[in-house]
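Letter by letter, the chains look like this.
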Amino acid sequence: MKKNISTQIIGRFLFQICKKKLSTQCRKDILDEYQQIIDNAKDIGKHNTLISSYILGAWFIAMNRKDSLSPDENFSLLSEQLHNNWIFKLFMGDADHYLNSKRIEKQKNGLKAHNTVNTKMIG
């Protein structure tokens, strides 16, 4: 996969949230394994909306390969650190924010406008 600003920011973010819970040698091994996975991964595009999931999956695989914890323990560690991180909360919001009726209406209107533009381009 080609490294771009998105892959670097998300990878660095995951490293920062997990580094408190992992030993120094384990962190280095995981980071090296993560870099190898990303270098060998198929490119999915620079502006793909799934890039964060792709990077998170690569980080999770690297954790499973290089530390002594089980996959369930790695998942718990990662999810706990994500849920406790203020940056993650800032971008994700909470359930009330996500289910806000004004937000849902904006999304519906944006989707309608997007579909109208695509229909005009095709037709």
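What you see is a predicted model; the values in this text were computed from it and never measured.

Draft legend 1. Expanded view of the nonpolar core. Judged by nonpolar contacts, the single largest core of 22 residues is most densely connected at Leu 14, Cys 18, Ile 30, Tyr 34, Ile 55, Trp 59 and Met 63. Only α1 (5–18), α2 (24–40), α3 (51–66) and α4 (71–84) provide two or more residues apiece to this core. Here the element with the most residues in this core is α3; it accounts for six residues. In contact with Ile 55, not counting residues within four places along its chain, are Met 1, Thr 7, Ile 10, Gly 11, Leu 14, Tyr 34 and Ile 38.

Draft legend 2. Here's a closer look at α4. Across its 14 residues, α4 extends 20 Å between first and last C-alpha, which sits within 8% of the 20 Å expected from 1.5 Å per residue. Among the residues making up α4, those that are buried are Asn 74, Leu 77, Leu 78, Gln 81 and Leu 82. Projection of α4 onto a plane perpendicular to its axis shows the buried side chains occupying an angular sector of 125°, all on one side. Opposite the packed face of α4, turned more than 90 degrees from it, sit the exposed residues Asp 72, Phe 75, His 83 and Asn 84.

Draft legend 3. Summary view of the side chain of Gln 81. Tracing the backbone shows Gln 81 in helix α4. Setting aside anything within four residues of it in sequence, one finds Gln 81 in contact with Ile 17 and Lys 21.

Draft legend 4. Representation of the packing of aromatic side chains in the model. Here the structure, examined in full by the defined rule, presents two aromatic pairs. Arranged with centres 6.3 Å apart and planes meeting at 85°, the rings of Phe 15 and Trp 59 form a pair that is edge-to-face. In this pair, Phe 15 is assigned in helix α1 and Trp 59 in helix α3, connecting sequence segments 44 residues apart. The exposure class of Phe 15 is buried, given its relative accessible area of 13%.

Draft legend 5. Quick peek at the pattern of salt bridges. Within the structure shown, the criterion is met by four salt bridges. Measuring nitrogen to oxygen at the nearest pair gives 3.1 Å for the salt bridge that ties Lys 28 to Asp 32. Taken together, the residues span about one helical turn, with Lys 28 and Asp 32 both in helix α2 at a distance of four residues. A relative accessible area of 48% means that Lys 28 is categorised as partly exposed.

Draft legend 6. Structural view of the layout of surface pockets. Roughly 160 Å³ of volume is contained in the second largest pocket. Lining of the second largest pocket is provided by Lys 3, Thr 7, Gln 8, Gly 11, Arg 12, Phe 15, Leu 31, Tyr 34, Gln 35 and Ile 38. Of all the secondary-structure elements, those providing two or more residues to the lining of the second largest pocket are α1 and α2. Among the elements that take part in the lining of the second largest pocket, α1 stands out by supplying five residues, more than any other. Tallied by class, residues from the lining of the second largest pocket come to four nonpolar, four polar and two charged.

Rules used throughout
In this numbering scheme, every chain counts its residues from 1 along its sequence in written order. Only residues with pLDDT of at least 70 are given local features in this predicted model, and only at 80 or more are side-chain atom pairs given and counted; all residues enter the totals for whole chains, interfaces and linings. Side-chain measures here rest on the full set of heavy atoms in the structure, leaving out hydrogens and waters. For this analysis, a nonpolar core means a set of buried residues of the types Ala, Val, Leu, Ile, Met, Phe, Trp, Tyr and Cys, connected via side-chain atoms within 4.5 Å. When a residue's accessible area, from a 1.4 Å probe over protein chains only, is under 20% of the maximum for its type it is buried; when over 50% it is exposed; and in between it is partly exposed. Each helix is a run of H or I in the DSSP string that is no shorter than four residues. Each strand is a run of E no shorter than two, and both are numbered from the N terminus. Any two residues whose heavy atoms approach within 4.5 Å are treated as being in contact. Here a helix's expected span is defined as the number of its residues, less one, multiplied by 1.5 Å. The arc in question is the one spanned by the directions pointing from the helix axis to the C-beta atoms. Any two rings among Phe, Tyr and Trp, with Trp reduced to its six-membered ring, count as a pair given centres within 6.5 Å; such a pair is stacked if its planes are under 30 degrees apart, edge-to-face if over 60, and tilted if neither. Throughout this description, the term salt bridge denotes a Lys or Arg side-chain nitrogen within 4 Å of a carboxyl oxygen of Asp or Glu. Method remark: on a 1 Å grid restricted to protein atoms, a set of points is classed as a cavity if a 1.4 Å probe fits but cannot get out and as a pocket if it is open with protein on both sides within 12 Å along at least five of seven lines; lining residues have an atom within 4 Å of a point. Grid points are joined across faces, edges and corners, and a volume is the space filled by probe spheres set on the points. As a working rule, the residues Ala, Val, Leu, Ile, Met, Phe, Trp, Tyr, Cys and Pro are called nonpolar, Asp, Glu, Lys and Arg charged, and the rest polar, with Gly in that last group.

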